[in-house]
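# Per-entry structural report
Listed here are the chains, written in short residue letters.
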Amino acid sequence: MNRKPIPLIIFFIITLWCNNAWAQSTPVLLISNNPSSCNGSEGSFSFSGLLPNTTYQVTYTDDGVVTGPVTIASTATGQLTITGLNAGIYSNFIFNFNGSISNVLTGQQLSNPINVPEFTPFAPFCQGSTPPVLPPTSNAPNSISGTWNPAVVNNQTSGTYTFTPAAGTCGTPVPINITVIPKETATFPFGTSLTICHNGTVPVLPNTSDNGISGTWSPAVVDPTQSGTYIFTATSPGCVEGTTLTVTVNPNVPSIFPFGTSTTICEGDPVVTLPASSSNGITGTWNPAVVSNTTSGTYTFTPDNGQCATTATYTVTVNPNVIPTFDPVAPICSGATLSSLPTTSNNGITGSWSPALNNTATTTYTFTPTAGLCARTATLTITVDAKVTPTFTTADTICAGATLTALPTTSDNGITGTWSPALNNTATTTYTFTPTAGQCANATTLTITVNPNITPAFAPVAPICSGDALTALPTTSTNGITGTWAPALDNTATTTYTFTPDAGQCATITTLTITVNPIVTPTFNAVAPICSGSGLPPLPTTSTNGISGTWAPALNDTVTTTYTFTPTAGQCAITTTLTVTVIPNVKPTFTPVAPICFGNTIPALPTTSDNGITGTWSPALNHAATTTYTFTPTAGVCATTDTLTIVVNVITPTFPAADTICSGAPLAALPTTSDNGITGTWAPALNNTATTTYTFTPAPGQCATTTTLTIIVNQKVTPTFAVAASVCSGATLAPLPLSSANAIPVTGTWSPALSNTTTTTYTFTPDSGQCAIPTTFTLQVNPIPSLMNITRDTAIYDGTVLAPYNFRVNDPAGGIQWNNSNPAIGLSASGTGMVPSFTATNISDTPFTAIITTIPVMNGCSGVSQSFKITVLPLAKDVFVPNIFSPNGDGKNEQLFIYGNYIASVDMQIFNQWGQRLATLTSTQQGWDGKYKGTAQPVGVYMYVLKAVLRDGRQIKTKGSITLIR
């Protein structure tokens, strides 16, 4: 069967339909691949469902940024792959083929690979030994850099350290465990401390501990006679450490009682009750048990068993009582001197008397013997006879210079005696009568009054003018003297008058002068004529011949006037007149001066006006500016001042301000014509290296003045910054300042980025347009040091010398700073390096504790601190004197010493039984060998008296007995 060919139009329709069917196929995400390297671009997306073997224009969004279109061809199976992608979020994939667009709007994420840092495990180590250093980079192949937290390994305890990779390394944090093996401490059956009595039982120090740790002791043997610390140093392998044994040796304490070791009493005095316990807590018994107050004796105290204590004795001496005897004292007159009564009786008893001696009344005095003497009180009476006062008849009052009768030498009541001083008839005097010795009479006095001759006083009479009336003079003075005057009063001449007192008044003649003044006419100097308005000085208010007064009318400097002078009242003067002539003023006239050009010459101004007035001009002529000149007439010419103005025409050239430049920048030539049309030249030549002021000089003939223009040239500066020169590794870094510390700050940027782990040099680049040059700054990053060892807590006694202790730091350049919380232990409050050897100090009654804190330091960086404790125990504070010693040459107890841990000073005197002093000890190092002046003393009991001052200021006074045996 023959088929008809398909019409062309139908073929075209079929083809178009097929193409549209393919173009509208829907793409599907087939697979995505992440980048294979950190921050790499190996990622891709593969899509299916596209036309096979077709080229597309692909557009997509990468982290919100539109990328493309990119030309990518599909495969024969209709797959299309977008390659070269880095980590990020992708969406809105658009596939464009000849305007036919297909979308995949779903977002997809590509991620960087995760790198896990790997490190070689850290082997366990012993506590206190050198710790490992944490590496800043992980093992190959990934070699990731980062930081550790904590940054330094602690060599005291196990811990976990976290490594945080640096930004951009795609690494994940990893924790690392580091084990610190605790040290095992050696233990012994006797523990770490032991307290014994002097020469008590002590343990043997074994070289192997209860827990099997071998080692050695220093010292190797315990001394039972003195306290000390014994150190066991471990020698066994492994994490082991030694220990210490502190042995406290208590001395055999003497039994001490508040009443001492001996006393002396008087027969019948109260006695102490013997206690069963000493002042320092020693219990025991006495033999005999009760003290007798009638018979001397020695009582012995024996301590109970189990106490580190010695026996004590108490000796009581009983003396009989005595009655003191004294010689009698003869009677005395009242007030006579009494000699002090003797303080020692005829039979040798000392004491004191009461009441105090009284030489005015008969008194019985009581003698009280000195305390401690076996004696009774006694009395003594002293008789005192009373004194008589002489009496005399009262003497009459006289005037100065009158005759005086001699005074009687026997009083009205029969007492004889003498008078003093000698009689005086010119002044009132008190005379003393002194009785003849042996009369038991008092001295007495007699006063004779002598009145002085008085000068009459009168009020002065004021001067009068000749002819004025005079008042009669008074006949009684102002001080009460009556009398008469001579001669008679005269009111025309100055006269002196004499006053004669009436008889019987003890007064002298006196005078009074009355001055009479003549009448005077005032005289004045003439006043010269003046110019009108020139001012008139005040007229004198006192005439040339001394008359004071006032003028009228008021002064007038504009018209000739006659003035009248009126004298002040009371001057014996008459009025007078004075005329002052006033001349009128003339105004000078001058021909005007025409205007001139700036700089032209001005002719001299005339010194005589057109109307004939002479004078001078001011200021000086000025051809540079319009000026008004003032004409001042010659002094003495009655004329006024005048003025004359001369106009000077001048133009100032103007120019636009110049821009500021940096040193070395090009400078454009300055214009030779100003903005207001003035031509001229500039000087000096242009200078682009320094700020300069240029002067513009106008061309001649322009009536213009010079002007200046300053061009500022800024010098290039080096930016300066105030920043720290060094930091510790890992410390927080403040951003470097973006503005310099110069007077005019320079802004800019720094590179590279800040690092707190590596010493780095940073460059500062100034922003453009600032006339500044780049500069650099190096930041030193110092490592953190760590402590390698620390000592253990220790307890010692006052006076113990501690050996120095050194510390090790993980870097040889590092050092140690240490602080002591309690310098009272004898160690300073702080220091560097090793803790020095020191003598422990504690004179108190309670232990002292100090915490020693050590801090590793290097280049200003401090590491982790560690601490240990020192306890200083006090020693006993008693003063002890043995009560027996044996200087017999056998090498034991050959001398008697004073014992005490805290004696600052001491004085002990030793006496025999007759009170003779045999020796004086002033130091605990000084002993008594039982001799006096080289001669051995016999066996027996000796007495001592001791005074001591302890280092804490306490004073101890005691006495006792010593038994010397051989």
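Predicted model only: the values in this text are computed from it and were never measured. (Residues numbered from 1 in each chain as written. Predicted model: local features only at pLDDT ≥ 70, side-chain atom pairs only at ≥ 80, totals over all residues. Heavy atoms only, no water.)

## Brief notes about the overall build of the protein chain
Counting its regular elements, the protein chain contains one helix and 74 strands. Here the protein chain has a C-alpha radius of gyration of 65 Å; the compact-globule value for 966 residues is 30 Å, and the former is much larger. Seen through its C-alpha atoms, the protein chain measures out along the principal axes to roughly 210 × 145 × 55 Å. Sorting the 966 residues of the protein chain into buried and exposed places 31% on the buried side. When the accessible surface of the protein chain is totalled, it reaches about 53500 Å², and 56% of it is carbon and sulfur. A gap of 19 Å separates the mean positions of the 21 positive and 34 negative side-chain charges of the protein chain. (Helix = DSSP H or I, 4+ residues; strand = E, 2+ residues; numbered from the N terminus. Rg over C-alpha atoms; globule rule 2.2 N^0.38 Å. Buried < 20%, exposed > 50% of the residue type's maximum accessible area, 1.4 Å probe, protein only. Areas by Shrake-Rupley, 256 points an atom, 1.4 Å probe, with all protein chains shown as cover. Lys, Arg positive; Asp, Glu negative; His and termini not counted. Charge placed at Lys NZ, Arg CZ, Asp CG, Glu CD.)

## Comments concerning the environment of Thr627
Mapping Thr627 onto the fold places it in strand E48 (residues 627-633). A C-alpha to C-alpha distance of 6.7 Å links Thr627 and Val647, two positions 20 residues apart in sequence. The contact partners of Thr627, leaving out residues within four places of it in the chain, are Pro619, Asn622, Leu644, Thr645 and Ile646. For Thr627, the side chain forms a polar contact with the main-chain oxygen of Ala625, separated by 2.9 Å. (Contact = heavy atoms within 4.5 Å. Polar contact = N/O pair within 3.5 Å; in protein donor to acceptor, adjacent residues only side chain to side chain.)

## Some remarks on the state of the cysteines
Chemically, a disulfide is nothing more than a covalent bond linking the sulfur atoms of two cysteines. For the coordinates displayed, the defined rule picks out eleven disulfides. Here Cys333 pairs with Cys440 through a disulfide, and the sulfurs are 1.8 Å apart. Handedness here is read from the sign of the S-S torsion; for Cys333 and Cys440, about -65°, the answer is left-handed. With Cys333 in strand E26 (residues 332-333) and Cys440 in the loop between strand E33 (429-435) and strand E34 (444-448), this residue pair connects regions lying 107 residues apart in the sequence. Of the residues examined, Cys333 reaches a relative accessible area of 24% and is grouped as partly exposed. The disulfide partner of Cys597 is Cys703, and the S-S distance across this bridge is 1.5 Å. Within this pair, whereas Cys597 is found in strand E46 (residues 596-597), its partner Cys703 is found in the loop between strand E53 (692-698) and strand E54 (707-711), the two being separated by 106 residues in sequence. (Disulfide = S-S within 2.5 Å.)

## Looking at the packing of aromatic side chains
Here the structure, examined in full by the defined rule, presents 48 aromatic pairs. Judged by centre distance (5.9 Å) and plane angle (50°), the ring pair of Tyr60 and Tyr90 falls under tilted. Residue Tyr60 is located in strand E3 (residues 55-62), and its partner Tyr90 is located in strand E6 (residues 88-97); the two are separated by 30 residues in the primary sequence. Each member of the pair, Tyr60 as well as Tyr90, carries the same accessibility label: buried. Aromatic side chains Phe721 and Phe764 sit 4.8 Å apart centroid to centroid with 65° between the ring planes, which places their arrangement in the edge-to-face category. (Phe/Tyr/Trp six-rings, centres within 6.5 Å; stacked < 30°, edge-to-face > 60°.)

## Here we look at the side chain of Gln866
With respect to the secondary-structure elements, Gln866 resides in strand E67 (residues 866-873). A relative accessible area of 12% means that Gln866 is categorised as buried. Contact partners of Gln866, with chain neighbours within four places excluded, come to Asn155, Gln156, Leu787, Ile790, Ile852, Thr853 and Thr854.

## Quick word on the pattern of salt bridges
What the rule picks out here adds up to three salt bridges. With a closest N to O distance of 3.3 Å, Asp642 and Lys587 form a salt bridge. Of this pair, Asp642 sits in strand E49 (residues 642-646) while Lys587 sits in the loop between strand E45 (582-583) and E46, and the two are 55 residues apart along the sequence. When its relative accessible area of 15% is taken as the criterion, Asp642 is described as buried. (Salt bridge = Lys/Arg side-chain N within 4 Å of Asp/Glu carboxyl O.)

## Examining the nonpolar core
In this structure, Leu896, Ile898, Met908, Ile910, Trp928 and Leu946 are the most contacted members of the largest nonpolar core, which totals 20 residues. At the level of secondary structure, the elements contributing two or more residues to this core comprise strand E69 (903-911), strand E70 (917-921), strand E73 (940-950) and strand E74 (955-964). Residues contacting Leu946, with those up to four places away along its chain left out, are Val879, Val881, Ile898, Val906, Asp907, Met908, Ile956, Lys957 and Thr958. Core analysis: the second largest hydrophobic core is formed by 17 residues, Phe838, Phe868, Ile870 and Val872 among them. (Core = buried A, V, L, I, M, F, W, Y, C linked by side-chain atoms within 4.5 Å.)

## What about the side chain of Thr246?
Tracing the backbone through its elements, the reader meets Thr246 in strand E19 (residues 243-250). We classify Thr246 as buried; its relative accessible area is 10%. Once you skip the residues sitting within four places of it in the chain, Thr246 turns out to touch Thr192, Ser193, Leu194, Gly228, Thr229, Ala795 and Tyr797.

## Some thoughts on the sheet that holds strand E43 (residues 561-567)
Backbone hydrogen bonds hold the strands of a sheet together, and the pairing may be parallel or antiparallel. Sheet architecture is open: three strands sit in the order E42-E43-E44, paired in antiparallel fashion. In the strand order of this sheet, the two ends are held by strand E42 (549-552) and strand E44 (576-580), each with one partner. Each neighbouring strand pair of the sheet contributes to a mean axis angle of 25°, computed without reference to strand direction. In this structure, E42 lies alongside E43, joined through four bridges in antiparallel fashion. Across the sheet, the residue bridging to Gly549 is Pro567, located in E43. (Pairing = 2+ DSSP bridges. Axes fitted to C-alpha atoms, helices over the stretch in contact; angles between N-to-C directions.)

## Concerning the sheet that holds strand E10 (residues 146-149)
Taken in spatial order, the three strands make up an open sheet running E10-E11-E12, and their pairing is antiparallel. Of all the strands in the sheet, just E10 and strand E12 (174-178) have a single pairing partner and so form its edges. With strand direction ignored, the average angle separating the axes of adjacent strands in the sheet is 25°.

## Quick look at the pairing of E74
For strand E68 (residues 884-885) and E74, the ladder comprises two bridges, and the chain directions are parallel. Opposite Ile884, over in E74, you have Thr963 as the bridge partner. Looking at chain direction, E73 and E74 are connected through ten bridges and run antiparallel. Counted as the bridge partner of Lys947 is Lys957 from E74.

## Here's the deal with unusual backbone geometry
Here Gly68 and Pro69 are connected by a cis peptide whose omega angle stands at 5°. Looking along the chain, the bond that leaves Asn149 and enters Pro150 is cis, with omega of -5°. Relative to the elements of secondary structure, Pro150 occurs in the loop between E10 and strand E11 (159-165). In this structure, Cys703 is a non-glycine residue whose phi angle is positive, near 50°. Here Cys703 falls in the partly exposed class, since its relative accessible area comes to 23%.

## Remarks on a nonpolar patch on the surface
Together, Ile884, Val939 and Ile965 make up an exposed nonpolar region whose accessible area comes to about 240 Å². For Val939, the location among the structural elements is in the loop between strand E72 (935-936) and E73. (Patch = residues over 30% accessible without salt bridge, like charges linked within 9 Å, V, L, I, M, F, W, Y side chains within 5 Å.)

## Observations regarding the environment of Thr575
The topology assignment puts Thr575 in the loop between E43 and E44. Under the relative-accessibility criterion, Thr575 is labelled partly exposed at 49%. For the pair Thr575 and Pro812, spaced 237 residues apart in the sequence, the C-alpha separation amounts to 118 Å.

## A short note on the environment of Pro783
Residue position: Pro783 is located in the loop between strand E59 (775-782) and strand E60 (794-797). Taking relative accessible area as the criterion, Pro783 reaches 41% and is therefore assigned partly exposed. As for Pro783 and Ala813, which are separated by 30 residues in sequence, their C-alpha atoms are 11 Å apart. Ignoring any residue separated from it by four or fewer positions in sequence, one finds Pro783 in contact with Ser729, Met858 and Cys861.

By themselves these figures say nothing about function.
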